[in-house]
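Tertiary structure, described
Below are the chains, spelled out letter by letter.
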Amino acid sequence: MTPSEGRTLSPHQLHKLWQVAQEEVRELHPRLLLVNLLVGTLPPNVGGRLKVYGLRLAGFTIGHGTMVWGMPQITGRGDFTTRLKIGRWCRFNFGCIFELGTTITIGDCVNLGHQVMILTTTHGISSGERRADPNHILLPVVIERGVWIGSRSTILPGVTIGEMSIVAAGSVVTRDVPPDTLVAGVPARVVKQLD
């Protein structure tokens, strides 16, 4: 007898399977899934305006002239489409990640390099069996006008990056960045003031 022969699920097991399936797909966002199926499969650097149009159809607010070279990975619970606001004339390279536990606000003329990650959710430190406290701490991120964030940089929850600043590639931004400032490193530190 093969492992699959003679083995059926009991009504209780079927019910439990159905419950788990419902829980697993509860956070599925059908419009975003459809957009990803239709335009998310386009190669990077192809269909930048089409990708933006698809994201708008999914419910995101994105200003005129913005281009998305690769579809970002967007996560969050509930109706997270209201938590992302992108200004005009922005440029996003491929592989970016937007974690929308709460709001991410991106001003006009912002450039994001490859695989930039912007996070809005963190945890406190617990003393029990698990160090990450199970309660989420939600802190919004603001990226002001004209900012350039280099490839593979990470912006942590609660950070504001002041206008016309630069975050060097590979940096981890843990605190606010003043306007017209170049920051770099892990954690990111001020390198110089920009003219």
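Refer to the structure above for everything that follows.
No experiment lies behind these values; they were computed from the predicted model shown.

A few points about the overall build of the protein
Helix and strand content of the protein: three helices and 19 strands. In terms of its C-alpha atoms, the protein occupies a principal-axis envelope of roughly 75 × 45 × 30 Å. Within the protein, buried positions represent 35% of all 195 residues. Put simply, of all contacts in the protein between residues at least 6 apart along the chain, 29% involve residues at least 24 apart. Accessible surface, the protein: about 11,700 Å² in total, of which carbon and sulfur atoms supply 58%. Looking at charge distribution, the protein has the averaged site of its 19 positive side-chain charges lying 4 Å from that of its 14 negative ones.

Thoughts on unusual backbone geometry
Between V186 and P187 the backbone carries a cis peptide bond, its omega angle lying at -5°. Note on placement: P187 falls in the loop between β18 (181–184) and β19 (189–193). Unusually for a residue other than glycine, Q115 sits at a positive phi of about 55°. Even without glycine at this site, D180 takes up a positive phi of about 50°. Inspection of the secondary structure assignment puts D180 in the loop between β17 (172–173) and β18. Classification of D180 by relative accessible area gives partly exposed; the value is 29%.

Let's talk about the environment of E163
When you line up the elements, E163 lands in the loop between β15 (160–161) and β16 (166–167). Residues E163 and D180, spaced 17 residues apart in sequence, show a C-alpha to C-alpha distance of 6.3 Å. What E163 contacts, discounting residues up to four positions off in sequence, is E144, R145, V147, P179 and D180. Among the polar contacts made by the side chain of E163, one reaches the side chain of R145 at a distance of 3.1 Å.

A look at the packing of aromatic side chains
A full pass over the atoms with the stated rule returns two aromatic pairs. Between F92 and F98, the aromatic rings sit 5.9 Å apart at their centres with planes inclined by 75°, giving edge-to-face as the arrangement. Taken individually, F92 and F98 each receive the classification buried, so the pair is uniform in this respect.

Rules used in this analysis
- Residues numbered from 1 in each chain as written.
- Predicted model: local features only at pLDDT ≥ 70, side-chain atom pairs only at ≥ 80, totals over all residues.
- Heavy atoms only, no water.
- Helix = DSSP H or I, 4+ residues; strand = E, 2+ residues; numbered from the N terminus.
- Buried < 20%, exposed > 50% of the residue type's maximum accessible area, 1.4 Å probe, protein only.
- Contact = heavy atoms within 4.5 Å.
- Areas by Shrake-Rupley, 256 points an atom, 1.4 Å probe, with all protein chains shown as cover.
- Lys, Arg positive; Asp, Glu negative; His and termini not counted.
- Charge placed at Lys NZ, Arg CZ, Asp CG, Glu CD.
- Polar contact = N/O pair within 3.5 Å; in protein donor to acceptor, adjacent residues only side chain to side chain.
- Phe/Tyr/Trp six-rings, centres within 6.5 Å; stacked < 30°, edge-to-face > 60°.

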